[in-house]
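Coordinates in review
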Amino acid sequence: MVALGVACAQPQAASKPRIPEDAGPFFPSLARVEGDFDPVVFDDVASCQECHPDAVHQWQSSAHANASFGNPWYRTLVDDLREKQGFTASRHCGGCHDPLLLLSGRMDKAIEPGESQALSGVTCLVCHSVSKATVNGNGSYVLDTSPVPYPEVGDEDSIAAHRARLAMEPLRSPALCASCHRGFLGPHTGSPEVLGGIDEPGQWRASAWAGSHAARLEPEELPRRECRSCHMPEVEAKEGDEAGPTLPSHRFAGGHSALAAAVGDPLQVAAVEAMTRSAATVDVWEEDGIATVVIRNIGVGHRFPGGARDMKNLWIQLRVLDVRGRLLTGLGLEDSADSYALQTVVLAEDGRPELLHRVQNFRTLGWDHTIAARDAGMVEFVLPPLPSPYILVARLVAERHRTEVQALVCAAMKEPRSLAFGEQARKEGRRVLDGCLEEPVLELASAIMWVGVDIPAKGGAARGLRERRYDRALAMLHLPGERLEEIYSWVDNDFPASVALKATALANQGRLEESLQVLEQLRRSGASGPAVERIAALAYGQVWRWPEAAAAATAVTLGAPGDSGAWRELARARGSAGDPAGSLEAAVAGLALAPRDLSMLRSQALALQQLGEPADAAVQAWLRYQGPQDDEALKLACDQQVKGCFDQRQPVVRLIVPPP
Amino acid sequence: MRRFFLAALLSLPLPAAAFCGFFVSGAGESLYANATMVVMMREGTRTILSMQNNYQGPPQDFAMVIPVPVVLQKENVRTLPKEVFGHVDTLAAPRLVEYWEGDPCLQPRYDMEMAARGGAMPVPMSAPAKRSAEYGVTVEAQFSVGEYDIVILSAKDSGGLEGWLKAEKYNIPAGSGDVLRPYVQAGTRFFVAKVDVERVKFEGDRALLSPLRFHYDSDRFKLPVRLGLLNSQGVQDLIVHILAPGARYEVANYRNVSIPTNLRADDSVRSDFGAYYEDIFRESIWGHPDTVVTEYSWDSSSCDPCPTPPLTASDLLTLGADVLPGQPTGGMVLTRLHYRYTKETLGEDLIFRKAEGLMGGTGIPDQEGKLSSEPQKNGNWNMFQGRYVMLNPWTGPIACENPVRGRWGGPPSGGDSRPISAPNKILNSGAVPAMAPPTRSRTGNPAFPDTRGTQTGSTIPEAASGSTIPEVSGSNTGGNSPTSSGSSNMAGSGSGSTIPEVGEGSNNMAGNAGDPPPKSESARCDSAGGLSGLAMLMGLFGLRRRKC
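Everything numeric here is computed off the predicted structure, so don't read it as measured data.

**A look at the overall build of chain B**
Along its length, chain B carries 8 helices and 28 strands. Expressed as a percentage of the 548 residues in chain B, the buried residues total 61%. In the form shown here, chain B has an accessible surface area of approximately 19,100 Å², with 50% of it arising from carbon and sulfur atoms.

**Some words on the environment of Pro-248 of chain A**
All names here are of chain A. Residue placement: Pro-248 occurs in strand 7 (residues 246-248). On the accessibility criterion, Pro-248 (31% relative accessible area) is partly exposed. Remark: the alpha-carbon pair of Pro-248 and Val-235, spanning 13 residues in sequence, is separated by 6.0 Å. Sequence-distant contacts of Pro-248, defined by excluding residues within four places in its chain, comprise Gln-58, Met-232, Pro-233 and Glu-234.

**Re the environment of Glu-380 of chain A**
Residue and element names in this part refer to chain A. Tracing the chain through its elements places Glu-380 in strand 16 (residues 376-382). Spatially, the C-alpha atoms of Glu-380 and Ala-607 are 44 Å apart, while their sequence positions differ by 227 residues. Once residues lying within four places of it in the same chain are set aside, the contact partners of Glu-380 are Ile-290, Ala-291, Thr-292, Arg-483, Val-652, Val-653, Arg-654 and Leu-655. Here the side chain of Glu-380 touches Arg-654 through a polar contact of 3.0 Å, side chain to side chain.

**Overview of the sheet that holds strand 13 (residues 222-223) of chain B**
Residue and element names in this part refer to chain B. Within the open sheet, the 3 strands sit side by side as 13-21-16. Their pairing is antiparallel. Two strands lie at the open edges of the sheet, namely strand 13 and strand 16 (248-251), each paired on one side alone. As paired elements, strand 16 and strand 21 (residues 350-355) share 4 bridges and run antiparallel to each other. Across the sheet, the residue bridging to Tyr-249 is Lys-354, located in strand 21.

**Topic: the state of the cysteines**
Scanning the model with the defined rule gives 5 disulfides over all chains in all. Between the sulfur atoms of Cys-96 of chain A and its disulfide mate Cys-180 of chain A the distance is 2.0 Å. Across the S-S bond of Cys-96 of chain A and Cys-180 of chain A the torsion is about -90°, and the bridge reads as left-handed. On the criterion of sequence distance, the pair formed by Cys-96 of chain A in helix 5 (residues 91-97) and Cys-180 of chain A in helix 9 (residues 174-181) is long-range, its members being 84 residues apart. Relative accessible area serves as the criterion here: at 15%, Cys-96 of chain A is assigned to the buried category. Given the relative accessible area of 23%, Cys-180 of chain A is considered partly exposed. The partner cysteine of Cys-105 of chain B in its disulfide is Cys-400 of chain B, sulfur to sulfur 1.9 Å. In this structure the cystine formed by Cys-105 of chain B and Cys-400 of chain B twists about its S-S bond by roughly -80°; its chirality is therefore left-handed. The class of Cys-105 of chain B is partly exposed, set by a relative accessible area of 26%. In this structure Cys-127 of chain A is a free cysteine whose sulfur lies 7.8 Å from that of Cys-180 of chain A, the closest cysteine sulfur available. Here Cys-230 of chain A stays unpaired: no disulfide links it, and the sulfur of Cys-227 of chain A, its closest cysteine neighbor, is 8.7 Å away. Exposure remark for Cys-230 of chain A: the relative accessible area of 21% places this residue in the partly exposed category.

**Some words on the confidence of the model for chain A**
The predicted model of chain A averages 94 in pLDDT, with 98% of residues at 70 or higher. Across residues 1-12 of chain A, where pLDDT falls below 50, the model places 26 contacts with residues more than four positions away in sequence or in other chains.

**Some points on helix 5 (residues 273-285) of chain B**
Residue and element names in this part refer to chain B. The end-to-end C-alpha separation of helix 5 is 19 Å, in line with the 18 Å expected for 13 residues at 1.5 Å each. With 12 of 13 residues buried, helix 5 is to be regarded as a mostly interior element. Those residues of helix 5 that fall on the buried side of the exposure criterion are Phe-273, Gly-274, Tyr-276, Tyr-277, Glu-278, Asp-279, Ile-280, Phe-281, Arg-282, Glu-283, Ser-284 and Ile-285. Taken from the residues just after helix 5, Gly-287 is the one with a positive phi, measuring 85°.

**Details of the packing of helix 19 (residues 530-542) of chain A against helix 20 (residues 546-559) of chain A**
All names here are of chain A. Running from N to C, helix 19 and helix 20 cross one another at 160°; their axes reach a closest spacing of 8 Å. Taken together, the axes of helix 19 and helix 20 lie roughly antiparallel to each other. Judged by the twist between their axes, the crossing of helix 19 over helix 20 is left-handed. Listed contacts from helix 20 to Pro-530, Glu-533, Arg-534, Ala-536, Ala-537, Tyr-540 and Gly-541 of helix 19 are Trp-546, Glu-548, Ala-549, Ala-552, Ala-553, Ala-555, Val-556 and Gly-559.

**Observations concerning the pattern of salt bridges**
Tallied over the full model, the rule gives 68 salt bridges over all chains. Here Asp-368 of chain A makes a salt bridge to Arg-303 of chain A, at a shortest N to O gap of 3.6 Å. Here Asp-368 of chain A is found in strand 15 (residues 364-368), whereas its partner Arg-303 of chain A is found in the loop between strand 9 (290-297) and strand 10 (313-321), with 65 residues between them in sequence. For Asp-368 of chain A, a relative accessible area of 27% puts it in the partly exposed group. Of the residues examined, Arg-303 of chain A reaches a relative accessible area of 19% and is grouped as buried. A salt bridge links Arg-213 of chain B to Asp-322 of chain B; the nearest nitrogen and oxygen atoms lie 2.9 Å apart.

**A word on the side chain of Glu-485 of chain A**
Within the element layout of this structure, Glu-485 of chain A appears in the loop between helix 16 (465-476) and helix 17 (496-508). Residue Glu-485 of chain A is classed as buried on the basis of its relative accessible area of 18%. At 2.9 Å, the side chain of Glu-485 of chain A forms a polar contact with the side chain of Arg-353 of chain B.

**Some details on the sheet that holds strand 9 of chain A**
Adjacent strands of a sheet pair through backbone hydrogen bonds, lying either parallel or antiparallel. All names here are of chain A. Spatial ordering of the open sheet is given by 8-9-16-20, a layout of 4 strands whose pairing is mixed. The sheet terminates laterally at strand 8 (280-287) and strand 20 (653-656), the two strands that pair on one side only. Taking the axes of each pair of neighbouring strands and ignoring which way they run, one obtains an average angle of 20° across the sheet. Two strands pair when backbone bridges link them, and strand 16 and strand 20 are joined in this way by 4 bridges, in the parallel orientation. Note on strand 20: the bridge partner recorded for Glu-380 is Arg-654. Against the sheet, helix 16 makes contact with strand 8, strand 9 and strand 16, and its axis sits at roughly 85° relative to strand 8, the strand it touches most.

**As for the confidence of the model for chain B**
Any residue range with low pLDDT should be treated as having predicted coordinates unsuitable for detailed reading. Residue and element names in this part refer to chain B. This prediction gives chain B a mean pLDDT of 68; 60% of its residues lie at or above 70. Taken as a whole, residues 108-124 scores under 50 in pLDDT and shows 42 contacts with residues more than four places along the chain or in a different chain. pLDDT under 50 marks residues 423-432. Its contacts with residues more than four places away, or in other chains, come to 44 contacts. Interface scoring of the predicted complex returns ipTM 0.89; its pTM is 0.85.

Rules used in this analysis
Residues numbered from 1 in each chain as written. Chains lettered and ligands numbered in written order. Predicted model: local features only at pLDDT ≥ 70, side-chain atom pairs only at ≥ 80, totals over all residues. Heavy atoms only, no water. Helix = DSSP H or I, 4+ residues; strand = E, 2+ residues; numbered from the N terminus. Buried < 20%, exposed > 50% of the residue type's maximum accessible area, 1.4 Å probe, protein only. Areas by Shrake-Rupley, 256 points an atom, 1.4 Å probe, with all protein chains shown as cover. Contact = heavy atoms within 4.5 Å. Polar contact = N/O pair within 3.5 Å; in protein donor to acceptor, adjacent residues only side chain to side chain. Pairing = 2+ DSSP bridges. Disulfide = S-S within 2.5 Å. pLDDT = per-residue confidence, 0-100. Expected span 1.5 Å × (residues − 1). Axes fitted to C-alpha atoms, helices over the stretch in contact; angles between N-to-C directions. Parallel < 35°, antiparallel > 145°, perpendicular 65-115°, else oblique. Left-handed = near helix turned anticlockwise from the far one by under 90°. Salt bridge = Lys/Arg side-chain N within 4 Å of Asp/Glu carboxyl O.

Put into structure tokens, the structure is as follows:
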């Protein structure tokens, strides 16, 4: 049992509050520069290529190299933002897509196709000159503009100086990635309230991949991995790169299959496909005329899919076949329109989904069907009456962009501006990226089962029963509260990871004693660590036993100090238990990881008030990041205007399969 | 997170002869002073919560504070006609029914008639329940609905709401700040409904405050109740009706039992069904203060017998179907849960879960007058009610060679008198609910008249003759799928379901179990102390005692 570690502390010296940084010379980008920035210097890739041909050639096919106005998807969308919200708003994008333009002040002006560095993207020297990076996001890095000492062959000192200048501490730190792969929107981009954007680093830090084992009791050992482990795997140097014989891949492969196809580099295409195909498993079950498809994120260290999730187009295709393999019925057969898509949908001011990633229209999150690292999701398909036996085929199908974005960008490709950018790319010897190119459609995972006849399943449905049942129970934790009861029949009592799910469900149901007993059973079986303590914290918190909840939450933070959620829960539990100093301490620690976390900003402000400390700045920060206050109204408007909106907003979506 | 939701009623403080809040009964009036009745409709993540407001003080003194998980908009809030609450209550409340034995010499035609009339023709009888910135708060929205002025507040500090309420001249109990703190930590908003006396309808001198309904979306289906405990005075009853498509509900984090049903009552019950039922209820929860009693689960569009017509499409729309997708007007199961609590026994929000269908309290007596009293779980099929049966054996002449006894049906006159719908004596008598044991033991207990006298061995089972209150799925959670590797070892599963004899188990009672009967009204006013002037709608102020 967790000892009561939180006393009703006497007020003590308060931790210094942590206020999110949202200012800077290039705000809304948080990028900064030390010294005088010369975009020409930073655009010099050729010098790098002399010694690092492998790295440069890999980079040239990457999303980093093609992040700028040569990228038709980016260009179309940033042009729209600049037109609607003004040039300054587009600094938000520029910090990570167009650092050379931003840092030379040119995001504040019209950008024509002939503009120097308008096609440069994120060049070698951008990443290799970052002297400081924070987890703030929106390009929260500082660029060192000091001259690059180029090495002399055989001169170790010069090589060392070169390395020292180009491989400063942030280069190998996740914080470098975090500075651009975490973002937030707000009044600066046209939304009245601050909205969270992408957050790959936060999600990764809370995962077992980062060595943080608070989210759940993992069913198997996982190696620690960080951004570079997956996105910059060590590859063979084939062109004599000085870094050889191997180097970290500079393809930065992720999920951008459309860009890889447009670049036309088969190796880039292969890298992206390999990455996406290792992301998830799919399983299918049938009970009482309902086909349940379970998707588990097994390989992605952040949410799956990641990036700008509102533009993603991954969906479940369910096909019902007769025993001869003829299609009887299904959903998602052609595209995602009638099925379940792993994406987010953001609502606009009128409650309708904003499907074109026009961030200035974003008001609140409608739904999020993406899956956290190592988590699982599920969708239920209500089958029509079918002649038995029959076959269920579930496939996870992926395109890079939702159909609406594809259409928008393709249309823009025909505009003179796009044609001119294409011409400019040709002049500069760059690849011309075609936004009308048919996007690759990849099958990432599948499962096949026969219903009504004893024939072995295939794919994800052919895995071991224990693994499958664990995935199912894991996904069922997302069921609405009144259905949590359904989990218990999927729990294997000899499998600690599975038993932990039972304890979690019990905790969520407010069944404290039962949850604690199951946790005790887990501990006796040897399970321990922050995941177990977190369930205890949840169980106590659910019934408002805050001191005990705080004690358990303290143990979680000790075991998973990189998980901002653990600090959030601790701050709240301590605050609720009447321990403002402890709450403040936890909130400040957590805000170092997640600077705009609303709950911790609130806990911080409340604690300062209770301690009698100056709290104005903290209160202002809390209110600034509290998000839209009318989100409930927007969701109701969506329900009323958009067919299927209510259904898609459910924690577990249920879809009706039409009759054959 | 949308975890915390609660409600409290507050009244403006009055000078000197302070109105004692909730517990005042008008002269000679019956009053179910401590009961709170809610009707919840649930589908997907949407919850529509309607509250019967039983506040009976001066309307200008009334205000209700409801912490809510989201900023409610005007379209989320409406008032309801009072009648709809009465309708739901009457339909779902325990009922007393009456059967008459048919002429033993008149055989076939009678049966055919019975069949044609849907089987049983009891004459039931049911028990309707009587029914700003300087304070660290921000007004998020403000609008009027019916006679209410609604303000949606967010608190910027733990004491903000407390300060605001005090500034608005509401009495709030000492210690509110501590209880409010977790809500503020969770980012809860506060819905404040005040009455505009200009818009109140009066019945005589009595203000008729409309029930309030509001809806919101949440992954969790729960009824937070903590805040109301702040000024909880003694024993209170909470009656929760849940309407949901195709499913019965029970409470995941409390012990569930179904009310003993199909018990035989004698004629004396007719005049005091409330007392009779009260005893059954007390016995059901005796020794287990954490018990929530299922009193009804039935398709809302039917009933048998019907103390009132079943719910209509219009009723369902009124109660929330209008804001559900597709505006369903059928297929809803009505569940009635009854929880009696004190400040000591109620500490946790009621967290609901779907439950297997339940059948019981149905059927017609067989030839020997027997009725099954055992509720059955039955997939998704719900036909359960608390039903108590009076039998009127044939008393006329028997002038045939082979009389057939035990054919039970409607009154010989052919009348169609309705059931007495749940005359919970508390509801009608003005009596105060108690956690006290049943008034008598099962032997000689007026609640179970068939256990005494000549009808021993009666063909209708004795009340709780097996001495076991049927648990409604209890706490067992570890059912196995066909492929499950093992049974669950869930703790606390359904143990202790035996009804103790009177006096038994008192050591197990938390808090007020076995307390002496409640004091008089004035005594309770006194006991309210500093809480006077604050009335709670649902008893939902939760006061958690800190450990340190």
